[in-house]
Amino acid sequence: MSPTLDTCAWIVPEAKPPSKLPGGDMTERNGYLPLGQIWLHLYRILQNNRWSHIPGTSRLRRWTKQIIGEHYFCVRYLEGSVWVCPTHAMGKQVCLTGSYEPLIIEIIRTLVRRNFCFMDIGANIGLHTLAAAFARSDSSQRILAFEPEPTMFKWLTKSCETNHVRGVTCIPKALGEKPGKLLLNVSTTTNQGRHTLL
């Protein structure tokens, strides 16, 4: 009788995970996944509680999360792809489900398909911006994405460039009632959508 996955135990070394993610490039090449994408797939599998009864799973889950750390991956999203960090709240949801806030996304897409323009104020990594861009029905429609936090702005623009979306303008500023300068409080939690100006 051969062992099944349910009867096997994970063998997890006690060694510290590497400080730099192995694999470097995160995009598929010649049909092969680079090592970074393999870590991402393992992370997705381990997030499923179905494996929690197997000894060593929680340790392997922690170790994989440490390896992935703050690295961003290009993953499928709607009709295109988006750059996300799977250990952040939004990125984890996109990695595991392929979507984010589906009801809000559907409202955005319905309005954009009816020729509305769209402004994403506090665009973060661009999940709502991309939803609007993919639904654009007329070349005259404008989509404006405002994101003042430099790291989030970098991934917002990279996602727009990756998808070759047109009619989207990314602006590295916050919007307010009047011109001025404010201190941006950057979230230190895994919820990178909690940056505030208060």
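Right above here is the structure, for reference.
Since the structure is predicted, the reported quantities are computational estimates derived from the model, not experimental observations.

1. Structural notes on the sheet that holds strand β3 (residues 118-121)
Taking strand neighbours across the sheet as the criterion, the three strands line up as β3-β4-β5 in an open arrangement whose pairing is parallel. This sheet does not close on itself; its edge strands, each paired only once, are β3 and β5 (168-171). Put simply, the sheet's adjacent strands are angled 10 degrees from each other on average, direction ignored. As paired elements, strand β4 (residues 143-146) and β5 share four bridges and run parallel to each other. Pairing of phenylalanine 146 across the sheet is with isoleucine 171, part of β5. Here helix α6 (residues 150-163) sits on the sheet and contacts β4 and β5; the angle it forms with β5, its principal contact strand, is near 165 degrees.

2. Considerations on the packing of helix α4 (residues 102-113) against helix α5 (residues 127-135)
At a minimum axis distance of 8 Å, the contact between α4 and α5 shows a crossing angle of 35 degrees. α5 is crossed by α4, and the crossing has right-handed handedness. In contact with Ile104, Ile105, Ile108, Arg109, Val112 and Arg113 of α4, α5 contributes Leu127, His128, Ala131, Ala132, Phe134 and Ala135. Among the residues forming the contact of α4 with α5, the class breakdown is nine nonpolar, one polar and two charged.

3. Quick notes on the packing of aromatic side chains
A full pass over the atoms with the stated rule returns two aromatic pairs. Ring centres 4.3 Å apart and planes at 10 degrees place the aromatic pair tyrosine 72 and tryptophan 155 in the stacked group. A residue pair is termed long-range when its members are at least 10 positions apart, and tyrosine 72 in the loop between α2 (57-68) and β1 (73-77) and tryptophan 155 in helix α6 qualify at 83 residues. Tryptophan 155 matches tyrosine 72 in its accessibility class, with the two residues each being buried. Cluster of aromatic residues (ring-pair linked, three or more members): Tyr72, Trp83 and Trp155. One Lys or Arg, lysine 158, reaches over the ring of tryptophan 83 and ends 4.3 Å from the middle of that ring.

4. Some details on the nonpolar core
One broad trend across soluble globular proteins is that nonpolar side chains are buried collectively. Among the nonpolar cores identified, the biggest contains 37 residues, and Val75, Tyr77, Val82, Val94 and Leu127 are the most heavily contacted of them. Taken together, the elements giving at least two residues each to this core come down to α1 (35-47), β1, β2 (80-84), α3 (89-97), α4, α5, β4 and α6. Those residues in contact with leucine 127 that sit more than four places away from it in its chain are Tyr77, Val82, Met90, Val94, Tyr100 and Ile105.

5. Let's talk about the packing of α5 against α6
To describe two helices that pack against each other, one gives the angle between their axes and the distance between the axes. Taken N-terminus to C-terminus, the directions of α5 and α6 make an angle of 25 degrees; their axes are 10 Å apart at the nearest point. Overall, the two elements α5 and α6 adopt an arrangement that is roughly parallel. For the pair α5 and α6, the crossing hand works out as right-handed. Seen from α5, the contacting residues are Thr129, Leu130 and Phe134; seen from α6, they are Leu156, Ser159, Cys160 and Asn163. Classifying every residue of the contact of α5 with α6 by side-chain character gives four nonpolar, three polar and no charged.

6. Focus on the environment of proline 172
For proline 172, the position within the fold is in the segment after β5. Linking proline 172 and glutamate 147, residues 25 residues apart in sequence, is a C-alpha distance of 5.1 Å. Those residues within four positions of proline 172 in sequence are excluded, and the remaining contacts are Glu147, Pro148 and Phe153.

7. A word on the side chain of asparagine 163
Relative to the assigned elements, asparagine 163 resides in helix α6. Residue asparagine 163 is classed as buried on the basis of its relative accessible area of 16%. Within the structure, the side chain of asparagine 163 is placed 2.8 Å from the backbone oxygen of serine 159, a separation counted as a polar contact.

Reading the values: the criteria
Within each chain, residue numbers correspond to sequence positions counted from 1 in written order. Given that the model is predicted, a residue must reach a pLDDT of at least 70 before its local features are reported, and side-chain atom pairs must reach 80 or more before they are shown or counted; all residues, however, enter totals for whole chains, interfaces and linings. Computation of side-chain values covers all heavy atoms of the structure but excludes hydrogens and water. DSSP calls a pair of strands paired once it identifies at least 2 bridges connecting them. What counts as a helix is a DSSP run of H or I of at least four residues, what counts as a strand is a run of E of at least two, and both are numbered from the N terminus. Only the contacting stretch of a helix is used when fitting its axis, a line to C-alpha atoms as for every element, and angles between N-to-C directions run 0 to 180 degrees. A contact between two residues is defined here by any heavy atoms of the two lying within 4.5 Å. A clockwise turn of the near helix away from the far one marks a right-handed crossing, whereas an anticlockwise turn of less than a right angle marks a left-handed crossing. Amino acids outside the nonpolar list (Ala, Val, Leu, Ile, Met, Phe, Trp, Tyr, Cys, Pro) and the charged list (Asp, Glu, Lys, Arg) are all regarded as polar, and Gly is one of them. Pairing of aromatic rings covers Phe, Tyr and Trp, the last through its six-membered ring, and needs centres within 6.5 Å; plane angles under 30 degrees mean stacked, over 60 mean edge-to-face, and all others mean tilted. Using a 1.4 Å probe on the protein chains alone, a residue whose accessible area is under 20% of its type maximum counts as buried, one over 50% counts as exposed, and one in between counts as partly exposed. Charge over a ring is defined by NZ of Lys or CZ of Arg lying within 6 Å of the ring centre and within 35 degrees of the ring normal. We call a set of buried Ala, Val, Leu, Ile, Met, Phe, Trp, Tyr and Cys residues a nonpolar core when their side-chain atoms join them within 4.5 Å. Note that the term roughly parallel is reserved for angles under 35 degrees, roughly antiparallel for angles over 145, roughly perpendicular for angles of 65 to 115, and oblique for everything else. By the criterion applied in these results, polar contacts are pairs of N or O atoms within 3.5 Å in which, for protein atoms, one can donate a hydrogen and the other can accept it, and in which residues neighboring in sequence qualify only through two side-chain atoms.

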